[in-house]
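Next come the chains, spelled out residue by residue.
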Amino acid sequence: MTNTAIHAEGLTKRFGDFTAVDAISFEVKKGEIFGFLGANGAGKTTAMRMLCGLSIPTAGKASVAGFDVYKQTEQIKRSIGYMSQKFSLYEDLTVRENIRFYAGIYGKSDAFIKEKTAFLLKELHLEAEANKLVRSLPLGWKQKLAFSVAIFHEPEIVFLDEPTGGVDPVTRREFWNMIYKAAERGITIFVTTHYMDEAEYCNRVSIMVDGRIDALDTPTQLKKTFEVRSMDEVFLKLARRAKRSGD
Amino acid sequence: MNAVIVNNISKQYGKKKDLIQALKGIFFEVKQGELFGIIGPDGAGKTSLFRILTTLLLPDGGSASVDGLDVVKDFKAIRHRVGYMPGRFSLYQDLTIEENLEFFATIFNTTVKENYDLIKDIYSQIEPFKNRRAGKLSGGMKQKLALSCALIHKPSVLFLDEPTTGVDAVSRKEFWEMLRSLKEQGITILVSTPYMDEASLCDRVALIQSGEILSVDSPEGVINAFKHPLVAVKDNNMLQLLNDLQRFEGVQDAYPFGEYHHVVLKDGFTANAVSTYLQQHNYHQPDVQTIRADIEDCFIALMKTGE
């Protein structure tokens, strides 16, 4: 087994004459918390879709959990977890039904699901809410549940697309605590965020500008390189170079 | 004079078991010409509040006025005087930029020409694309068009519901610059946001959580009300550091805050006491500094006292 969770080399996606992702190269180590930053329209979502096996690249190479993004997309989907701010759980299913549904999709046995569901509900203090519709939960609880569901099948890598958007400051920190715990268990975390303080919680951070990765390093080193005091300033310095905008 | 008065407004949804108290009897006032922020996470009640003030939703209790008019009785008159930009993009996707703007001008009995001055700075940035359909615009352009449409009838009060949610740091800065220049033209602006750092850009803010207002004050005032000593601490192993800090007797609360951990101390404890404690626990040169609270520190503290 290698120590690499994600490997990308010259990964490119073009839509007609528009190059959404422009030959990006990077590596994410196993168990690493990797922050994937960029302005709206920089190409983050397109890059993530390729890594999740949902979109075939135009050029370049990439492997995720050891599987090829051109030929082994189904194996990739089985080895990863995914959650986003916009969609994560079915609002009209109960907490328990959501867990069961996702675990079932990943082909987990009834015995596994039963045992782990009980453990999870206890850990999240959601035992009393187990049979309530997800719709009725506060956003922060939903996001914590969504993350737990995304890693329920013990994926090698979990992709988190703005998981804490709009979440209150206390719950946002509890959420990051869960990320740390998952990373300690060896799950690789690939996360996007608009909160610059969260960039500091990552082991390494990449910043995309106009489809390229213009910076990739530890937060400490990035601040040194750009001679600024915060990740906010690093981001502004880089993103201001951008020629294109929007999402 | 007050542009907005909110007097014990409450709103609930659902019945019995699924009852959600969206607003639990809140009070505040917004002065004319003020840039007023409603700061709070999703689910705090911001949208319900905005929909009540723009007469799109009836409150269950309490009263409120906008521009001196009652939100229930005088709803028709209020609709002529307010501009509202909902959180979700709600312009006509199959109309062009220009057609959307003309449409909104027409329903308010005015013309684009008459109020062009007000929107000039914002609209001129998207005017080169005026024949493009709204559905084909980038996020930043949609936002500028939505703001232009909300302003075209020259409202006296402008309501912006989470205009910067999901927007990157650069575009957020630009948006706030637009708001500052609108304020200078005398428009009262109420803007809601889940981003705590945007509070400092407002004249005054209401911090809101779970349907309750935690504080209404100037950003400066909110920060000055933070009474405990606060220190920022950094070391090589941040996770271990947090665990160790939480065990210190002088600590009221400790949580990650970007590059540093913030540590709220009990009264009588200082940065020196933290340094000493850490040195006793094998930290050689921990970076410990006394700092001023951030709005986010205040929000966290207010959330925890409310519990």
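Every value quoted in this text rests on a predicted model; they were computed, and no experiment measured them.

### So, helix H9 (residues 231-239) of chain A
Next, step 1: Within H9 of chain A the residues assigned to the buried category are Met-231, Val-234, Phe-235, Leu-236, Leu-238 and Ala-239 of chain A.
Next, step 2: Residues of H9 of chain A that are buried make contact with strand S3 (33-38), helix H7 (196-199), strand S9 (204-209), strand S10 (212-217) and helix H8 (219-225) of chain A together with helix H6 (169-184) of chain B.

### Focus: the interface of chain B and chain A
Next, step 1: Taken together, the 27 residues of chain B in the interface contact 29 residues of chain A.
Next, step 2: Taken together, both faces of the contact between chain B and chain A bury some 2300 Å²; the carbon and sulfur share is 61%.
Next, step 3: With its nearest N and O atoms 2.9 Å apart, the salt bridge here joins Glu-296 of chain B to Arg-173 of chain A.
Next, step 4: Remark: the boundary between chain B and chain A carries 8 residue pairs in polar contact (both at pLDDT 80 or more).
Next, step 5: Only helix H5 (139-151), H6, strand S12 (251-257) and helix H10 (295-306) of chain B provide two or more residues apiece to the side of chain B that touches chain A.
Next, step 6: Its residues assigned to classes, the side of chain B that touches chain A shows 14 nonpolar, 6 polar and 7 charged.

### Here's the deal with empty space enclosed by the protein
Next, step 1: Under the defined criterion, the tally for this structure stands at 3 cavities of 30 Å³ or more.
Next, step 2: For the largest cavity, the full set of lining residues is Gln-85, Glu-162, Thr-164, Gly-165, Gly-166, Thr-193, His-194 and Tyr-195 of chain A together with Thr-165, Gly-166, Pro-194 and Tyr-195 of chain B.
Next, step 3: Class assignment of the residues belonging to the lining of the largest cavity gives a composition of 3 nonpolar, 8 polar and 1 charged.

### Side note on the domain arrangement of chain B
By convention, interface size is frequently given as the accessible area that disappears when the constituent parts associate.
All names here are of chain B.
Next, step 1: For chain B, the assigned domains read domain 1 (2-224) and domain 2 (230-297).
Next, step 2: Inter-centroid distance (C-alpha atoms) of domain 1 to domain 2 is 39 Å.
Next, step 3: Counting residues at the interface gives 8 residues for domain 1, matched by 5 residues for domain 2.
Next, step 4: With both chains or domains summed, domain 1 and domain 2 bury close to 560 Å², and 68% of this area falls on carbon and sulfur atoms.
Next, step 5: In this assembly, domain 1 and domain 2 are joined by 1 salt bridge.
Next, step 6: Arg-292 is the salt-bridge partner of Glu-220, the closest N and O atoms lying 3.4 Å from each other.
Next, step 7: In terms of residues, the side of domain 1 that touches domain 2 owes the most to one element, helix H7 (residues 219-224), which gives 5 residues.
Next, step 8: Taken together, the residues that form the side of domain 1 that touches domain 2 break down as 6 nonpolar, 1 polar and 1 charged.

How each quantity is defined
Residues numbered from 1 in each chain as written. Chains lettered and ligands numbered in written order. Predicted model: local features only at pLDDT ≥ 70, side-chain atom pairs only at ≥ 80, totals over all residues. Heavy atoms only, no water. Buried < 20%, exposed > 50% of the residue type's maximum accessible area, 1.4 Å probe, protein only. Helix = DSSP H or I, 4+ residues; strand = E, 2+ residues; numbered from the N terminus. Contact = heavy atoms within 4.5 Å. Buried area = accessible area lost by both parts, 1.4 Å probe. Salt bridge = Lys/Arg side-chain N within 4 Å of Asp/Glu carboxyl O. Polar contact = N/O pair within 3.5 Å; in protein donor to acceptor, adjacent residues only side chain to side chain. Nonpolar A, V, L, I, M, F, W, Y, C, P; charged D, E, K, R; others polar. 1 Å grid on protein atoms, 1.4 Å probe; cavity = no way out; pocket = protein on both sides within 12 Å on 5 of 7 lines; lining within 4 Å. Points joined across faces, edges and corners; volume = space filled by probe spheres on them. Domains from an automatic or database assignment.

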